[in-house]
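Below, each chain spelled out in residue letters.
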Amino acid sequence: MSPAIEIAADRRRKVLDALAQMRDGQLSEDVILRAVCETGRDTDRDTMRDDLAFLQHRHCVAIEKLPRHGGELWLVRLTDDGLRAAQGALIVAGVARRTAG
């Protein structure tokens, strides 16, 4: 697997992990972006939106697009499959597997 694909898969894992830590499994894209960057995976809004769309296509998250000045804000909710993937009980192609530690 190429380094770029491994980095993307790891970023997506970090998205699921951040959502799984929330009681309601929901975060705005801004908070997710900050959480992923704080783990050492610097990224930008466009790349994050690509990752979120990827995860939605694989039924790991649901995205609600809310209007805001200058565009829209994505509110992201973890699905049951996304929670199972975050817990390591479901393998999702393109998402890094949970590692020990």
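Engineer: Let's hear about the overall build of the protein: which residues, and what values?
Structural biologist: A count of helices and strands for the protein gives four helices and three strands. Element order for the protein, N to C, with α for helix and β for strand: α-β-α-α-β-β-α. On C-alpha atoms alone, the protein measures out to a radius of gyration of 13 Å, which is about the 13 Å that the 2.2 N^0.38 rule sets for 101 residues. Per-residue burial over the protein gives 38% buried out of 101 residues.

Engineer: Now, about the sheet that holds strand β2 (residues 61-68): what can you tell me, with residues and values included?
Structural biologist: Strand order in this open sheet of three strands is β1-β3-β2, and the pairing throughout is antiparallel. Looking at strand neighbours, the two that pair on one side only are β1 (26-28) and β2, the edges of this open sheet. Each neighbouring strand pair of the sheet contributes to a mean axis angle of 25°, computed without reference to strand direction. Examined bridge by bridge, β2 and strand β3 (residues 71-78) share eight bridges and lie antiparallel to one another. Bridging from a neighbouring strand, R68 pairs with G71 of β3. Of the strands in this sheet, β1, β2 and β3 are in contact with helix α1 (residues 3-20), which crosses β3 at around 75°. Together, β2 and β3 form the strand contacts of helix α3 (residues 45-57), whose direction differs from that of β2 by roughly 135°.

Calculation notes
- Residues numbered from 1 in each chain as written.
- Predicted model: local features only at pLDDT ≥ 70, side-chain atom pairs only at ≥ 80, totals over all residues.
- Heavy atoms only, no water.
- Helix = DSSP H or I, 4+ residues; strand = E, 2+ residues; numbered from the N terminus.
- Rg over C-alpha atoms; globule rule 2.2 N^0.38 Å.
- Buried < 20%, exposed > 50% of the residue type's maximum accessible area, 1.4 Å probe, protein only.
- Pairing = 2+ DSSP bridges.
- Axes fitted to C-alpha atoms, helices over the stretch in contact; angles between N-to-C directions.
- Contact = heavy atoms within 4.5 Å.

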